[in-house]
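One-letter residues, chain by chain:
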Amino acid sequence: MGVSFGILGPLQVLRDGFPVDPGSRKQQTLLATLLAHANARVSSDVLVEALWADDPPRTARKNIQVYVSALRRLLDGGSDSRIVHQRGGYLLQATADELDALAFLQRARVGSLTEALDLWRGPALDGFRGVPLIGDAARRLERRFLEVSEDWAEAEIAAGGGAAAIERLTEIAQLHPLRERLRMAQMTALCRAGRRSEALAVYDDLRQALARELGLPPSPALGRFYQSLLREQEDADSRSPAPHRGRAHAPNLLPWDLPNLTGRESEADEVADVLVRGRSGPVVVSGPLGAGKTALAIRVAHRLGDHFSDGRFFVRLRGEDGRLRPLEDAVSQLPFARARTPGRADPLREWRTWLSQRRALVVLDDARRESEVRPLLPETGESAVIVTARSALTGLEGAYRIRLSTFTPAEALQFLGRVIGTERVTADRESAERVVAACGLSPLGVRLAAERMAFLRHVPLREYAARIADPGGLVDELCGSDPAVRSRLTEAIGDLPGPAHRAVFRLGTLTEPVFTLRQAAAVLEAETGTAIRLLETLLEAGILTVVGGEGAADTVRYEMPRLPFAVFVSGRHTVFEPVESRLYTEAS
């Protein structure tokens with residue numbers, strides 16, 4: 001089993017399943033800091049601040065080296081394979097099998113919500129939250145815990161399991177009594193279990209707590225829900241719903257809407273307008289990796305709750321490894337699944353029938369081929385479907401298509417300001433512009449950089465811009481804190497035919513991510529016609545984009561988004577050689 005770590009509760013170190021003493025208090029604080037930022041470099045200056053606050057000894061850095069050496073002996077027998085010294089700091093390497101926080105985030109991403117919640121043992125990093133750096137990380141984890149708890153509760157209620165969820169819901173709500181979405185789920189579960197008086201009491205407790213703590217009333221949505229409960233009779237489920245009841249009880253199984261989503265207003269309005277007007281085919285939102293397709297689809301789906309009275313649903317078509325999930329598994333979490341007729345052999349047919357008889361909105365996320373989408377589309381009825389895909393899925397009949405590109409410079413700076421503070425951006429706008437330009441204006445790249453800079457609040461923007469100016473530094477900074485990002489970038493070419501994904505690496509030998517057909521043909525060592533076909537394959541897969549408008553073949557400029565370009569650059573970054581070898585091995 002080896003060594004594993006737990007931070008979703010008190011700090012825990014296990015070897016082969018048995019507890020291990022992590023050492024002195026300072027040594028534990030160092031370990032907790034590295035685990036809270038696993039797979040990301042934490043500078044020595046930050047570690048000194050975490051361990052000694054404003055009063056470090058003259059030997060602080062030497063002491064840190066001693067603590068690191070002791071931890072290496074404890075975890076790896078003295079080797080530096082686990083805790084790595086990197087550019088004036090340290091990085092602790094861990095996988096989802098070794099660190100409970102990474103396992104929690106991974107399971108939440110793929111929709112295994114119950115398994116994710118089962119990993120929690122108490123307040124994250126309990127006992128170390130007085131250290132500001134650790135406390136910030138713990139609060140981020142707990143915000144995600146609450147979001148997953150709410151997603152799980154709503155999914156359980158929609159699938160008919162609300163009564164079984166009451167105990168856990170009540171326990172969480174007692175710890176977070178002002179969380180309105182959580183309280184609404186608690187009230188709904190109680191009402192579905194026939195415990196209406198308790199549901200009304202929950203609202204009254206919340207109303208008093210909000211007035212006492214914040215001087216605010218409950219939200220209008222929660223107030224309407226409360227009024228609907230007052231009006232309902234015990235046999236309400238067998239009769240026509242009260243005016244607001246349909247919206248209050250319609251299941252919402254969407255991921256949390258990103259609070260910092262920037263730009264895309266016109267695209268969101270266009271998608272929403274198409275869905276409200278009603279279409280016989282799906283809306284396909286396409287664009288390169290990291291363009292914000294999923295975020296846009298989720299934002300629109302949240303906005304349209306009033307138009308889809310039978311609920312809104314999110315179906316992940318792929319697992320964490322990028323492989324297509326069996327479509328039967330993909331729909332197994334949806335409400336119709338628990339009401340399926342025993343012995344029926346075709347769950348996909350049942351899903352389409354269920355969807356055709358209702359007015360629901362479904363987001364199918366990360367499609368690669370038309371064949372992955374067709375079995376999940378309703379054949380008739382008023383339900384609507386949004387599909388996110390890197391390609392336009394041109395073979396999908398009757399689809400309405402909209403393609404996303406990068407941020408504009410103004411949108412990128414606006415997003416950066418929302419995350420790290422507009423004052424920080426305004427104080428050094430030139431460096432902020434260099435940061436977003438280094439990210440290629442990609443929403444994914446800008447988001448990763450912004451989150452990293454929010455953590456590195458002591459680092460000047462000009463210094464951070466210098467860090468990510470070259471491809472190696474860009475990948476280190478933006479992919480180091482989340483290994484899933486790097487795997488998503490490399491997995492993006494896994495489905496390409498052999499010549500096309502070999503072309504990606506050859507294009508990575510170019511000095512810049514923007515290039516012409518002539519330059520591409522030269523590095524591909526291909527005739528013009530062959531080069532055009534390879535480039536068009538990469539365009540269709542969302543690996544490349546075209547800069548500017550239409551033009552003759554020899555004048556068009558192609559671009560590989562800057563973050564994927566940095567990952568794929570041959571010979572410039574340590575990730576390239578093993579990734580390339582793995583892909584060639586899989587292809588053969």
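Computed from a prediction, not measured in an experiment: that's the story for all the values here.

Caption draft 1: Inspection of the overall build of the protein at higher detail. Across its full length, the protein holds 28 helices and 15 strands. The burial tally for the protein puts 52% of its 588 residues in the buried class. For the protein, the exposed surface amounts to about 26,700 Å²; the carbon and sulfur share of it is 49%.

Caption draft 2: Spatial organisation of unusual backbone geometry. Residues other than glycine seldom take positive phi values, yet D366 does so here, at roughly 70°. Within the secondary structure, D366 is located in strand β10 (residues 361-367). The class for D366 is partly exposed, based on a relative accessible area of 21%. Backbone geometry places E525, a non-glycine residue, at a positive phi of 50°. Within the secondary structure layout, E525 lies in the loop between α25 (517-524) and α26 (528-540).

Caption draft 3: Region of the structure containing the packing of aromatic side chains. Counted by the stated rule, this structure contains seven aromatic pairs. Where W120 meets F145, the ring centres are 4.5 Å apart and the plane angle is 40°; that geometry is what we call tilted. Remark: F145 occurs in helix α6 (residues 132-158) and W120 occurs in the loop between α5 (113-117) and α6; sequence separation between them is 25 residues. Plain terms: the ring middles of F515 and Y558 are 6.0 Å apart, the flat faces sit at 20° to each other, and that makes the pair stacked. Highlighted residues: F515 in strand β13 (residues 514-516) and Y558 in strand β15 (residues 557-559), separated in sequence by 43 residues. A relative accessible area of 6% places Y558 in the buried class. What links up through ring pairs into an aromatic cluster is the set F104, W120 and F145.

Caption draft 4: Quick look at helix α9 (residues 196-213). For α9, with 18 residues, the first-to-last C-alpha span of 26 Å sits near the 26 Å given by 1.5 Å per residue. Turning to α9, its buried residues number three or more, namely R196, A199, L200, V202, Y203, L206, A209 and L210. One or two positions beyond α9, positive phi appears at G215, with a value near 70°.

Caption draft 5: Region of interest: the side chain of R318. Structurally, R318 can be placed in the loop between β9 (312-316) and α14 (327-330). Look at R318 and you get buried, because its relative accessible area is 8%. Of note is the side chain of R318, whose polar atom sits 3.2 Å from the backbone oxygen of D366.

Caption draft 6: Spotlight on the sheet that holds strand β12 (residues 400-403). Pairing is parallel across the open sheet formed by six strands, whose spatial order is β7-β9-β10-β11-β8-β12. What marks the edges here is a single partner per strand, and that holds for β7 (252-253) and β12. Taken together, the four bridges between strand β8 (residues 283-286) and β12 define a ladder with parallel strand orientation. Bridge pairing in β12 places V284 opposite R401.

Caption draft 7: Here's a closer look at the pairing of strand β11 (residues 384-389). Here β11 lies mainly inside the structure; six of its six residues are buried. Burial of the side chains of β11 extends over both faces: A384, I386 and T388 are buried on one face and V385, V387 and A389 on the other. Where β8 lies against β11, four bridges are found, and the strand directions are parallel. When the bridges of β11 are listed, V283 appears paired with I386. For β10 and β11, the ladder comprises five bridges, and the chain directions are parallel. Each residue of the ladder has a partner; that of V363, found in β11, is I386.

Caption draft 8: Looking closely at a nonpolar patch on the surface. A cluster of nonpolar side chains, namely L178, L214 and L216, defines an oily patch on the protein surface of about 260 Å² accessible area. Relative to the elements of secondary structure, L214 occurs in the loop between α9 and α10 (220-231).

Caption draft 9: Local environment of the packing of helix α1 (residues 25-36) against α6. Contact geometry of α1 with α6 gives a least axis separation of 10 Å together with a crossing angle of 40°. In terms of orientation, α1 and α6 fall into the oblique class. The way α1 lies across α6 gives a crossing that is left-handed. Together, T29, A32, T33 and A36 of α1 and L133, I134 and A137 of α6 make up the contact between the two elements. A breakdown of the residues in the contact of α1 with α6 according to their chemical character gives five nonpolar, two polar and no charged.

Caption draft 10: Structural view of the pattern of salt bridges. The final tally for this structure, using the stated rule, is 27 salt bridges. Measuring nitrogen to oxygen at the nearest pair gives 2.9 Å for the salt bridge that ties R181 to E154. With R181 in helix α8 (residues 180-192) and E154 in helix α6, this residue pair connects regions lying 27 residues apart in the sequence. An identical accessibility class is assigned to R181 and E154; each is buried. Close ionic contact of R349 with E379 constitutes a salt bridge, the shortest N to O distance being 2.6 Å. Taken together, the residues span a long stretch of sequence, with R349 in helix α15 (residues 347-356) and E379 in the loop between α16 (370-373) and β11 at a distance of 30 residues. Taking the relative accessible area as the measure of exposure, E379 reaches 56% and is therefore exposed.

Reading guide: rules and limits
Residues numbered from 1 in each chain as written. Predicted model: local features only at pLDDT ≥ 70, side-chain atom pairs only at ≥ 80, totals over all residues. Heavy atoms only, no water. Helix = DSSP H or I, 4+ residues; strand = E, 2+ residues; numbered from the N terminus. Buried < 20%, exposed > 50% of the residue type's maximum accessible area, 1.4 Å probe, protein only. Areas by Shrake-Rupley, 256 points an atom, 1.4 Å probe, with all protein chains shown as cover. Phe/Tyr/Trp six-rings, centres within 6.5 Å; stacked < 30°, edge-to-face > 60°. Expected span 1.5 Å × (residues − 1). Polar contact = N/O pair within 3.5 Å; in protein donor to acceptor, adjacent residues only side chain to side chain. Pairing = 2+ DSSP bridges. Patch = residues over 30% accessible without salt bridge, like charges linked within 9 Å, V, L, I, M, F, W, Y side chains within 5 Å. Salt bridge = Lys/Arg side-chain N within 4 Å of Asp/Glu carboxyl O. Axes fitted to C-alpha atoms, helices over the stretch in contact; angles between N-to-C directions. Parallel < 35°, antiparallel > 145°, perpendicular 65-115°, else oblique. Left-handed = near helix turned anticlockwise from the far one by under 90°. Contact = heavy atoms within 4.5 Å. Nonpolar A, V, L, I, M, F, W, Y, C, P; charged D, E, K, R; others polar.

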